[in-house]
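As a plain string of letters, each chain reads:
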Amino acid sequence: MIRIVTDSTANVPTAVVERYGIEVVPLRVIFPDITYRDQVDITAEEFYRLLPHCETLPTTSQPPASEFEDAFRRLSQDGSQVIAILISSKLSGTVASATAAQRALPDLPVTVFDSWTTSALQAFMVEHAAEKAAQGATMQEVVQDLEVLKARSQILFTIETFRYLQKGGRIGNASALAASVLRIQPILTLNQGVVDVWGKVRGKRRALQVMMETARERGGTGEGLRVAVVHASAPDVAAEMADDVTRQLQCPRPELMQISPVIGTHVGPGAIGLGYYHRDWL
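Only a predicted model underlies this, so the values are computations on that prediction, with no experimental measurement involved.

Description of the packing of helix H9 (residues 204–219) against helix H10 (residues 235–249)
No. 1: With their axes 11 Å apart at the nearest point, H9 and H10 run at an angle of 40° to one another. Judged by the inter-axis angle, H9 sits oblique to H10. As for the relative orientation of H9 and H10, their crossing is right-handed in sense. Packed against H9, whose contacting residues are Arg-205, Leu-208, Gln-209, Met-211, Met-212, Ala-215 and Arg-216, the element H10 presents Val-237, Glu-240, Met-241, Asp-244, Val-245, Gln-248 and Leu-249 at the interface.
No. 2: Of the residues assigned to the contact of H9 with H10, the class counts are eight nonpolar, two polar and four charged.

Rendered as C-alpha cells:
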C-alpha cells in the first residue's frame with residue numbers, strides 16, 4: 001500500500017484528503033507577534049482579511065523536520081510505502097525538511113517528491129497519486145506519472161497589486177511604479193519550480209484571456225482537460241473565469257481553489273490564475 005503526504009500550500013480539497021487518508025503537513029505564516037500554522041490556526045478567509053491592514057508583511061517558513069518524521073512513522077507503521085509530494089524546493093525549504101526526516105528514518109520506505117509547483121497543480125498531483133495508489137499501482141508507476149505532470153502541466157497567474165511582490169523583494173520600487181503607471185499586467189508562471197514571467201499585457205481582463213488561450217494551445221480542449229481556477233480572496237472573478245474556461249475550452253467546469261495563506265503572503269489578495277493538464281498525457 002502507498003500512503004500520501006503533502007503540505008498545506010497544495011490546498012487539497014477536504015473530501016479528497018478524507019477519501020484517501022492523505023496527511024497534510026502545514027507550513028507557517030509568521031506575523032510580528034504570532035505564528036500560525038497554515039490553514040490550521042488561521043483560515044484563508046481570516047488571513048486575507050488581515051493582510052491588507054498589515055504594516056509589516058508577514059513571512060513564511062517550512063514545517064520542522066520533526067513533523068514529517070511523525071507523519072512518516074505513523075503512515076508506514078502498517079508496512080505501507082510513503083510518498084511526500086511537496087511544494088517546489090525553489091519556493092520553500094519544505095522539501096529540505098522532509099528530506100531531513102527521511103534521512104533520520106533510513107529503515108522506512110519513504111520517497112520525497114519535489115513537485116516544482118504548488119497550489120492547484122500540486123493538488124492535482126496529490127489526487128492523481130492517491131487514485132493510482134488505490135488502484136494498486138507501484139511506487140515506480142506513481143512517480144512516473146508525477147514526473148509527466150511535473151514536466152507538462154502548467155500554472156499561470158496574475159496579481160492585483162505589486163505591493164506584495166515589491167515588499168517581498170520580487171520586484172523593485174521603480175519597476176513596480178512603472179508597471180502600475182503603464183497599467184501593465186504581468187502573467188506569471190512557475191518555470192522549473194521558479195516564479196517566472198510568462199508575458200505582460202495591458203489590463204487584467206486581457207491577462208485572464210491570455211491564460212485561457214495558453215491553456216488551449218498547450219493543453220488542448222475537451223473532456224480530458226482538467227483545469228482549476230485559483231484565487232486569493234476573489235471568488236466572484238474566479239467563478240466568472242471558470243464559466244469562461246468551460247465555454248472556451250469545452251471542458252468540465254474548473255474546480256475553484258482558494259490560494260493558501262502561505263502563498264497569499266507573496267502574491268497578495270486578488271491574485272487569480274489557472275492550472276491545467278490533460279488526462280491523455282498519462
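Describing the packing of helix H5 (residues 119–134) against helix H6 (residues 139–152)
No. 1: Packing of H5 against H6 brings their axes to within 10 Å, and their N-to-C directions diverge by 155°. Considering their axes alone, H5 and H6 lie roughly antiparallel with respect to each other. Crossing of H5 over H6 shows right-handed handedness. Taken together, the residues of H6 that come into contact with H5 (itself represented by Met-125, His-128, Ala-129, Lys-132 and Ala-133) are Glu-141, Val-142, Asp-145, Leu-146, Leu-149 and Lys-150.
No. 2: Grouping the constituent residues of the contact of H5 with H6 by class yields six nonpolar, one polar and four charged.

Here's the deal with the pairing of strand S7 (residues 110–114)
No. 1: The buried fraction of S7 amounts to four of the five residues, a majority that puts the element mostly inside the structure.
No. 2: Bridge count for strand S6 (residues 81–86) against S7 is five bridges, and the pairing is parallel. Its bridge partner being in S7, Leu-86 is matched across the sheet by Asp-114.
No. 3: Traced from S6 through helix H4 (residues 94–104) to S7, the parallel crossover comes out right-handed.

Some thoughts on the pattern of salt bridges
No. 1: Enumeration over the complete set of coordinates arrives at twelve salt bridges.
No. 2: Between Arg-74 and Glu-23 there is a salt bridge, with its nearest N and O atoms 2.2 Å apart. Remark: Glu-23 occurs in strand S2 (residues 23–25) and Arg-74 occurs in helix H3 (residues 65–76); sequence separation between them is 51 residues.
No. 3: Between Glu-69 and Arg-73 there is a salt bridge, with the nearest N and O atoms lying 3.2 Å from each other. Residue Glu-69 and its partner Arg-73 are both found in helix H3; the two are separated by four residues, about one turn of the helix.

Some words on the confidence of the model for the chain
No. 1: Counting all residues, the mean pLDDT for the chain is 92, and 93% of those residues have values of 70 or more.
No. 2: Low pLDDT (under 50) marks residues 169–179, which in the prediction has eleven contacts with non-local residues, meaning those over four places away or in another chain.

Topic: the packing of aromatic side chains
No. 1: The tally for this structure, following the rule as stated, stands at five aromatic pairs.
No. 2: Measuring from centroid to centroid gives 6.3 Å for Phe-31 and Phe-47, while their planes differ by 65°, and the two rings are edge-to-face. With a gap of 16 residues between them, Phe-31 in strand S3 (residues 28–31) and Phe-47 in helix H2 (residues 44–50) connect regions that are remote in the sequence.
No. 3: According to the relative accessible area criterion, Phe-47 is buried, its value standing at 0%.
No. 4: What links up through ring pairs into an aromatic cluster is the set Phe-31, Tyr-36, Phe-47 and Tyr-48.
No. 5: Above the plane of the ring of Trp-116 lies Lys-150, whose end atom (NZ or CZ) is 4.6 Å from the centre.

Here we look at the sheet that holds strand S13 (residues 272–278)
No. 1: Ordered by their spatial adjacency, six strands build an open sheet running S10-S9-S8-S13-S11-S12, and the pairing between neighbours is mixed. Strands with a single pairing partner mark the edges of an open sheet, and in this sheet they are strand S10 (194–202) and strand S12 (255–258). Along the sheet, successive strands turn relative to each other by an average axial angle of 25°, direction set aside.
No. 2: Where strand S11 (residues 225–231) meets S13, seven bridges bridge the pair, whose relative direction is antiparallel. Bridging from a neighbouring strand, Leu-225 pairs with His-278 of S13.

Some details on unusual backbone geometry
No. 1: Here Ser-119, not a glycine, exhibits a phi torsion of approximately 55°, which is positive.
No. 2: Of note in this structure, Ser-233 is not a glycine but carries a positive phi near 60°.
No. 3: Here Ser-233 lies in the loop between S11 and H10.
No. 4: With a relative accessible area of 41%, Ser-233 lands in the partly exposed category.

What counts as what
- Residues numbered from 1 in each chain as written.
- Predicted model: local features only at pLDDT ≥ 70, side-chain atom pairs only at ≥ 80, totals over all residues.
- Heavy atoms only, no water.
- Axes fitted to C-alpha atoms, helices over the stretch in contact; angles between N-to-C directions.
- Helix = DSSP H or I, 4+ residues; strand = E, 2+ residues; numbered from the N terminus.
- Parallel < 35°, antiparallel > 145°, perpendicular 65-115°, else oblique.
- Left-handed = near helix turned anticlockwise from the far one by under 90°.
- Contact = heavy atoms within 4.5 Å.
- Nonpolar A, V, L, I, M, F, W, Y, C, P; charged D, E, K, R; others polar.
- Buried < 20%, exposed > 50% of the residue type's maximum accessible area, 1.4 Å probe, protein only.
- Pairing = 2+ DSSP bridges.
- Right-handed = clockwise from strand over helix to strand, strands pointing away.
- Salt bridge = Lys/Arg side-chain N within 4 Å of Asp/Glu carboxyl O.
- pLDDT = per-residue confidence, 0-100.
- Phe/Tyr/Trp six-rings, centres within 6.5 Å; stacked < 30°, edge-to-face > 60°.
- Lys NZ or Arg CZ within 6 Å of the ring centre and 35° of its normal.

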